[in-house]
Amino acid sequence: MNEAQDVQSVGIHFPPGIPDKVTAEVSRIAQMFMVDGESLRKITDHFVKELERGLSDQDSDISMNVTWATKYPTGYETGQYLTVDMGGTNLRVCNVVLTDEKGGYEITQSKFKLPKGLKTGTADELWAYIADRVADFLRDHNLDQGDEKLPLAFTFSYPITQDKIRHGVLQRWTKGFDIEGVEGHDVVAQLEAAFEERDVGVRIVALVNDTTGTLIASAYKDPEIKIGSIFGTGCNSAYMEKCGRVPKIADYKLPGDQNVAINTEYGAFDNSHKALPRCQFDLEVDRTSPRPGQQTYEKMVAGLYVGEIARLVLIHLHDTVGFLEGADLTRLRRLNSMESSCVSKMEEDGADTGSVMSETKAILSEQFGIEPTLQELRVCCLLGEIVCTRAARLYACGIAAICKKEGLKKGRVGVDGSTFEKLFRFKSRAAAALREILEWPDDEEDLVTFVQAEDGSGIGAALIAALSSEG
Ligand code: GLC
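As the structure is a computational prediction, the values presented were derived from the model and not from experiment.

**Section: helix H3 (residues 37–55)**
- Here H3 contains 19 residues, and its C-alpha end-to-end distance of 27 Å stays within 8% of the 27 Å for a straight helix at 1.5 Å per residue.
- Along H3, the residues that are buried comprise Gly-37, Leu-40, Ile-43, Thr-44, His-46, Phe-47, Val-48, Glu-50, Leu-51, Gly-54 and Leu-55.

**Overview of the UniProt feature "domain: Hexokinase N-terminal" (unreviewed entry) in the protein chain**
- Here the UniProt-annotated "domain: Hexokinase N-terminal" (unreviewed entry) positions come out as residues 26–220.
- When the span residues 26–220 is considered, its composition is 34% helix and 24% strand, and the gap between its end C-alpha atoms is 46 Å.

**Quick word on a negative patch on the surface**
- Taken together, the side chains of Asp-144, Asp-147, Glu-196 and Asp-199 make up a negatively charged region of the molecular surface.
- With respect to the helices and strands, Asp-147 occurs in the loop between helix H4 (123–140) and strand S5 (150–156).

**Some thoughts on the UniProt feature "domain: Hexokinase C-terminal" (unreviewed entry) in the protein chain**
- Here, the residues flagged by UniProt with the feature "domain: Hexokinase C-terminal" (unreviewed entry) are residues 226–467.
- For the annotated span residues 226–467, helix accounts for 49% and strand for 12% of the residues, and the straight-line distance between the end C-alpha atoms is 18 Å.

**Digging into the domain arrangement of the protein chain**
- Here the domain parsing of the protein chain yields domain 1 (1–66 + 265–416 + 418–452) and domain 2 (69–219 + 455–469).
- Taking only C-alpha atoms, the centre of domain 1 and the centre of domain 2 are 31 Å apart.
- At the junction of the two partners, domain 1 supplies 14 residues and domain 2 supplies 16 residues.
- Surface buried jointly by domain 1 and domain 2 totals about 1,100 Å² across both partners, of which 40% is contributed by carbon and sulfur atoms.
- Taken as a group, Glu-265, Pro-290 and Arg-291 account for 37% of the area that domain 1 buries against domain 2, more than any other trio of residues on that side.
- Residue Arg-291 pairs with Asp-178 through a salt bridge whose shortest N-O separation is 2.3 Å.
- Remark: the boundary between domain 1 and domain 2 carries six residue pairs in polar contact (both at pLDDT 80 or more).
- Those elements that place two or more of their residues in the side of domain 1 that touches domain 2 are strand S1 (65–66), helix H9 (303–321) and strand S12 (411–416).
- Its residues assigned to classes, the side of domain 1 that touches domain 2 comprises five nonpolar, five polar and four charged.

**Concerning helix H12 (residues 374–406)**
- In a regular helix each residue adds 1.5 Å, so 33 residues correspond to 48 Å; H12 covers 49 Å between its end C-alpha atoms and thus fits that length.
- The buried count for H12 comes to 29 of 33 residues, which makes it a mostly enclosed element.
- Gly-407 sits one or two residues past H12 and shows a positive phi near 65°.

**Structural notes on the environment of Asp-20**
- The residue Asp-20 is located in helix H2 (residues 20–33) in this model.
- With 235 residues separating them along the chain, Asp-20 and Pro-255 place their C-alpha atoms 65 Å apart.

**Some words on the packing of aromatic side chains**
- In total, this model carries 20 aromatic pairs according to the counting rule given.
- When the ring of Phe-156 is compared with that of Tyr-158, the centres are 4.9 Å apart and the planes differ by 55°; the resulting orientation is tilted.
- Taking the centre distance of 5.7 Å and the plane angle of 65° together, the rings of Phe-156 and Trp-173 count as edge-to-face. With Phe-156 in strand S5 and Trp-173 in the loop between strand S7 (169–170) and helix H5 (187–197), this residue pair connects regions lying 17 residues apart in the sequence.
- Grouping aromatic residues by their ring pairs yields a cluster made of Trp-127, Phe-154, Phe-156, Tyr-158, Trp-173 and Phe-177.
- Lying across the ring of Phe-112, Arg-133 places its NZ or CZ 5.9 Å from the centre.

**Remarks on the state of the cysteines**
- Under the definition given, this model contains zero disulfides.
- Looking at Cys-235, it has no disulfide partner, and the nearest cysteine sulfur is the one in Cys-397, 10 Å off.

Scoring rules and cut-offs
- Residues numbered from 1 in each chain as written.
- Predicted model: local features only at pLDDT ≥ 70, side-chain atom pairs only at ≥ 80, totals over all residues.
- Heavy atoms only, no water.
- Helix = DSSP H or I, 4+ residues; strand = E, 2+ residues; numbered from the N terminus.
- Expected span 1.5 Å × (residues − 1).
- Buried < 20%, exposed > 50% of the residue type's maximum accessible area, 1.4 Å probe, protein only.
- UniProt positions renumbered as here; feature names shortened; annotations may be inferred.
- Patch = residues over 30% accessible without salt bridge, like charges linked within 9 Å, V, L, I, M, F, W, Y side chains within 5 Å.
- Areas by Shrake-Rupley, 256 points an atom, 1.4 Å probe, with all protein chains shown as cover.
- Salt bridge = Lys/Arg side-chain N within 4 Å of Asp/Glu carboxyl O.
- Lys, Arg positive; Asp, Glu negative; His and termini not counted.
- Charge placed at Lys NZ, Arg CZ, Asp CG, Glu CD.
- Domains from an automatic or database assignment.
- Contact = heavy atoms within 4.5 Å.
- Buried area = accessible area lost by both parts, 1.4 Å probe.
- Polar contact = N/O pair within 3.5 Å; in protein donor to acceptor, adjacent residues only side chain to side chain.
- Nonpolar A, V, L, I, M, F, W, Y, C, P; charged D, E, K, R; others polar.
- Phe/Tyr/Trp six-rings, centres within 6.5 Å; stacked < 30°, edge-to-face > 60°.
- Lys NZ or Arg CZ within 6 Å of the ring centre and 35° of its normal.
- Disulfide = S-S within 2.5 Å.

Okay, here's the thing in structure tokens:
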């Protein structure tokens, strides 16, 4: 049996003792979440069209942002750069020294947990927080150089419109951020104003998306890397395109064969609802998110949403067919109370048929005050499998679409993101789905493979800064 397909191909085996109405409803839900090979190929074909439209001036759900990172590294880049990465949960500040040795670097870093409320606070609070942490970092590491400002690469992983590398207007917030006064503005100018107010000795030289940083950092180590991808809180990919194939920048009159990295922003794929098989739980996730109608693909796939989907399924089963009968679901009913890692744990815990599911039991008891029977735990495990399998299979569509569009027959995809590492069997499921979509012969090894990426927002951002200063 291909372990990556599990519920998709072999059907569901319920443990004895589960009431028929529960098994019937779980089977119905499994059906809703099933995406067979034919559907994956159809979704991918639509995806390819959208990628192409995004490069032209035509309307597309996918913005295909031109990043102005125009070169792959050679390994001989040098220089000292500060990097700042504003992630969903942490702010990471690094001092990166690209050394003379080929591919060499030294890195010192600090991580700060973003304060609660910052994601939905004010723009001033956000920029002040970042500028203060950079000031702390310079002081703690004796990096303040008086009048000479250190060059800084800022990894800001949201959709931005750039007309040069050190500039970027936020198109819209994603991943649950909702801070007023930033959309429609140049984030470089806003952050630099906060640096100036506090007299922090840095100047922003590059604005970088996490996918582009991942592409460049991974290609630095491995020239077979053709796509940089993030599968974490959000889901997105970047790849190198030829300027001649980007009609929307024709006015720049750049040489047709010059490279330019494209941040696809394909988390927004199918916002116009033409291809993805959305079910009632997806509609609910969207409805209760800060930005309904946006990031349709991301909301079915990425780490921020997998837990929420599973939580909604559990509640639905309780309310409609009496699953977890008698349990108090008050805590589980709280929006976004279940993390994706929890769903993955459930599945992993139940993968061994002899397991007593002690981890799942502990999670449900400690986090939600629910004490399920062993049979109920087994159903939770099945639900984890159903939700995570769909996420991995749909994730493969975006990668397959870039491969198809670019005529890429062979290569590696550098993937970063907490969810990629943590989600049980994610990599093998995504690989199996890619094989189905790209229809590789059975006797052929995987032609496009997923590998753990190098540090995109540290080394990748520093490399992009170094490459762009070369002119
Ligand atoms: C969201 C952001 C995108 C980022 C991705 C992964 O999709 O819009 O810019 O690359 O999350 O972090």
